[in-house]
Amino acid sequence: MTPLASADSRSGQPAARLPRSLGELEGPTAGRVELPLHLAWSGLRTFDLEQPRQRMGLYRIVLNEGMREDLPQLLDAGLLVAQRPVLRTLVGPAVHTVWETAFTELAIAARPAAAA
């Protein structure tokens, strides 16, 4: 089985939830974002994108739990690529493998600078 076929998460198979392209991800890049209850049912629901830890927290939740229709509204392609080296350590291997397999620009962004 390929990583795309075998990757499971609580929200279903990550591959089935991927956007067709990173260009679809046109979410906010600044300000405050409130996650819907189906993504953040307890704890922090509003995230300030100007705060790196909060931004990473929002992206971690959306990547792990978000459905296909959540991704374009909540994620931005540029921020996703820029945060990739750290962000990939915050999501499970099934999630980061599926995203990096589908979008080579994420795999490249995840490499250490010396290896690029």
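In the block above lies the structure referred to throughout.
Per chain, the residues get numbers from 1 upward, laid out in the order the sequence is written. Restriction of local features to residues with pLDDT of at least 70 applies here, the model being predicted, together with a cutoff of 80 or more for giving and counting side-chain atom pairs; totals for whole chains, interfaces and linings are based on all residues. By convention in this description, side-chain values take in all heavy atoms of the structure and omit both hydrogens and water.

A. Looking closely at the packing of helix α3 (residues 52-65) against helix α5 (residues 77-87). One way to put it is that α3 packs onto α5 with a least axis distance of 11 Å and a crossing angle of 90°. Taken together, the axes of α3 and α5 are roughly perpendicular relative to one another. Each of R55, M56, Y59, R60 and L63 in α3 lies in contact with α5, whose residues at this interface are L79, L80, Q83, R84, V86 and L87. Note on residue categories: nonpolar means Ala, Val, Leu, Ile, Met, Phe, Trp, Tyr, Cys or Pro, charged means Asp, Glu, Lys or Arg, and polar means any other residue, Gly included. Each residue belonging to the contact of α3 with α5 can be placed in one class, and the counts come to seven nonpolar, one polar and three charged. Lines fitted to C-alpha atoms define the axes here, with helix axes fitted over just the stretch in contact, and angles between the N-to-C directions of these axes take values from 0 to 180 degrees. Think of it this way: any DSSP run of H or I at least four residues long counts as a helix, any run of E at least two long counts as a strand, and we number them from the N terminus. Convention used here: angles under 35 degrees read as roughly parallel, angles over 145 as roughly antiparallel, angles from 65 to 115 as roughly perpendicular, and any remaining angle as oblique. Every residue pair with non-hydrogen atoms within 4.5 Å of one another is taken to be in contact.

B. Summary view of α3. When the terminal C-alpha atoms of α3 are compared, their 20 Å separation across 14 residues agrees well with the 20 Å that a helix rising 1.5 Å per residue should span. Relative accessibility decides the category of a residue: with a 1.4 Å probe and only protein chains considered, values under 20% of the type maximum give buried, values over 50% give exposed, and everything between is partly exposed. The element α3 is extensively covered by neighbouring structure, given that 10 of its 14 residues are classed as buried. Where α3 is concerned, the buried positions are R55, M56, G57, L58, Y59, I61, V62, L63, N64 and E65. Structurally, α3 contributes buried residues whose contacts are with α2 (14-17), β1 (32-34), β2 (46-48), α4 (71-74), α5 and α6 (93-102). Given a helix with a known number of residues, its expected span is that number minus one, times 1.5 Å.

Fair warning: the whole summary comes from geometry, so function is off the table for now.
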